[in-house]
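# Overview (structure and organization)
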Amino acid sequence: GHSTAHFMMKVAASALEAEDIAVATDAFEDSLKILRNVGDAGGDDMKIAVRGCIRGHKLLAKETEAVGDYDAAISHRTRVCQLLEEDDRIVPASLQRAKIAYLRGAKGEYEDSAAVLSEAIVGLRNTSDDEVFDRGELLIQCHQMQAICYAKSRKRTDALEQYDELLRLVARRDGRDGGRGSKRYNCALIHKSALLVAMGDHLS
């Protein structure tokens, strides 16, 4: 098992050098499957295979996004998210969810996008680990995107709740940074006001 996994990782490394990302990713996935089957959960080979899978799927996601194949991109980013969560890397996994939500929004699937963002928000609120990314900033972006998704899918009350939460987070964060970004607070306030006007028109 180990020798086959080693061989597959050599294939993957060669394919990466040749910039054949799809072949490299498949080879990393094969080696990961073999290592899991032989019970090598914590070894260096496993870490290399997981890192290779993550890198490969991220690159393939970018390639497919660039040509407008959003379904394929969503599939690749979902796999990245799964691998990161298995490794307890919740903040980077939430970033992938935010990217998936953006792609779903680009396809006009606003309710699905909002659902994915809910998962990202839960993950971000349940961890205190900032890791590489800024958790607070990502949380703000998720609430902002979710407010837009709810507004576009005519869930105006839900959208208002998101804007209220967004304003609270932005006020707290930008206040701490000496008022930096108060422009985005005003921007969110304008969007909330426009939504209230739309709701008023709808009710009348």
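Look up a bit, the structure's there.
The paragraphs below set out a description of the structure included in this document.

Right, let's talk about helix H1 (residues 2-17) for a bit. In an α-helix, one full turn covers 3.6 residues, which means residues spaced three or four apart are oriented alike. Over its 16 residues, H1 runs 23 Å from end to end, which matches the ideal 22 Å to within 8%, given 1.5 Å per residue. Residues of H1 that are buried include every one of Ala-5, Met-8, Met-9, Ala-12, Ala-15 and Leu-16, and no others. The buried side chains of H1 occupy one side of the element, clustering within an arc of 120° when seen end-on. Turned more than 90 degrees away from the buried face of H1 sit Ser-3, Phe-7, Lys-10 and Glu-17, all of them exposed. If you follow the buried residues of H1, they end up packed against helix H2 (21-37) and helix H3 (44-66). Residue Glu-19 follows H1 closely and has a positive phi angle near 60°.

It is the contact of helix H5 (residues 90-106) with helix H7 (residues 135-152), at a shortest axis distance of 11 Å, that shows an interaxial angle of 25°. Taken together, the axis directions place H5 and H7 in an arrangement best described as roughly parallel. Here the hand of the crossing between H5 and H7 comes out left-handed. For the pair formed by H5 and H7, the contact residues are Val-91, Ser-94, Leu-95, Ala-98, Ala-101 and Tyr-102 on the first element and Arg-135, Leu-138, Cys-142 and Met-145 on the second. Taken together, the residues that form the contact of H5 with H7 break down as eight nonpolar, one polar and one charged.

This brings us to the packing of helix H6 (residues 110-125) against H7. The N-to-C vectors of H6 and H7 enclose an angle of 155°; their axes lie 9 Å apart at closest approach. Judged by the inter-axis angle, H6 sits roughly antiparallel to H7. The element H6 and its partner H7 pack so that their crossing is left-handed. Two secondary-structure elements touch here, H6 through Tyr-110, Ser-113, Ala-114, Leu-117, Ser-118, Ala-120, Ile-121, Leu-124 and Arg-125 and H7 through Arg-135, Leu-138, Leu-139, Cys-142, His-143, Met-145, Gln-146, Cys-149, Tyr-150 and Lys-152. For the contact of H6 with H7, a count of residues per class yields 12 nonpolar, four polar and three charged.

Attention now moves to the state of the cysteines. Where two cysteines share a covalent bond between their sulfur atoms, that bond is called a disulfide. Summed over all chains, the structure comprises zero disulfides. Of the cysteine sulfurs around Cys-53, a residue in no disulfide, the closest is that of Cys-81, at 15 Å. Take Cys-142: it sits in no disulfide, and the sulfur closest to it among the cysteines is that of Cys-149, at 10 Å.

This part covers H5. Here H5 spans 24 Å end to end across 17 residues, near enough to the 24 Å set by a 1.5 Å rise per residue. Counted residue by residue, H5 has 12 buried out of 17 residues, so it is predominantly covered. Within H5, burial applies to Val-91, Pro-92, Ala-93, Ser-94, Leu-95, Gln-96, Arg-97, Ala-98, Ile-100, Ala-101, Leu-103 and Gly-105. In this structure, the buried side of H5 is in contact with H3, helix H4 (70-86), H6 and H7.

Cut-offs and rules
Numbering of residues starts from 1 in each chain and follows the order in which that chain's sequence is written. The predicted nature of this model means local features are confined to residues of pLDDT at least 70 and side-chain atom pairs, given and counted, to a pLDDT of 80 or more, with totals for whole chains, interfaces and linings taken over all residues. Side-chain metrics in this entry use all non-hydrogen atoms of the structure; hydrogen atoms and water are not considered. Each helix is a run of H or I in the DSSP string that is no shorter than four residues. Each strand is a run of E no shorter than two, and both are numbered from the N terminus. By definition here, a helix of n residues has an expected span of 1.5 Å times n minus one. Each residue is placed in one exposure class: buried if its accessible area under a 1.4 Å probe, protein chains only, is under 20% of its type's maximum, exposed if it is over 50%, and partly exposed if it falls in between. Working note: the arc is built from the helix axis to C-beta atom directions. We call two residues in contact when some of their heavy atoms are within 4.5 Å. Only the contacting stretch of a helix is used when fitting its axis, a line to C-alpha atoms as for every element, and angles between N-to-C directions run 0 to 180 degrees. The labels follow the angle: roughly parallel below 35 degrees, roughly antiparallel above 145, roughly perpendicular from 65 to 115, and oblique for the rest. Handedness of a crossing is defined here by the sense of rotation of the near helix relative to the far one, left-handed for an anticlockwise turn of less than a right angle and right-handed for a clockwise turn. Basically, the charged four are Asp, Glu, Lys and Arg, the nonpolar ten are Ala, Val, Leu, Ile, Met, Phe, Trp, Tyr, Cys and Pro, and anything else, Gly included, counts as polar. Criterion for a disulfide: a pair of cysteine sulfur atoms at a distance within 2.5 Å.

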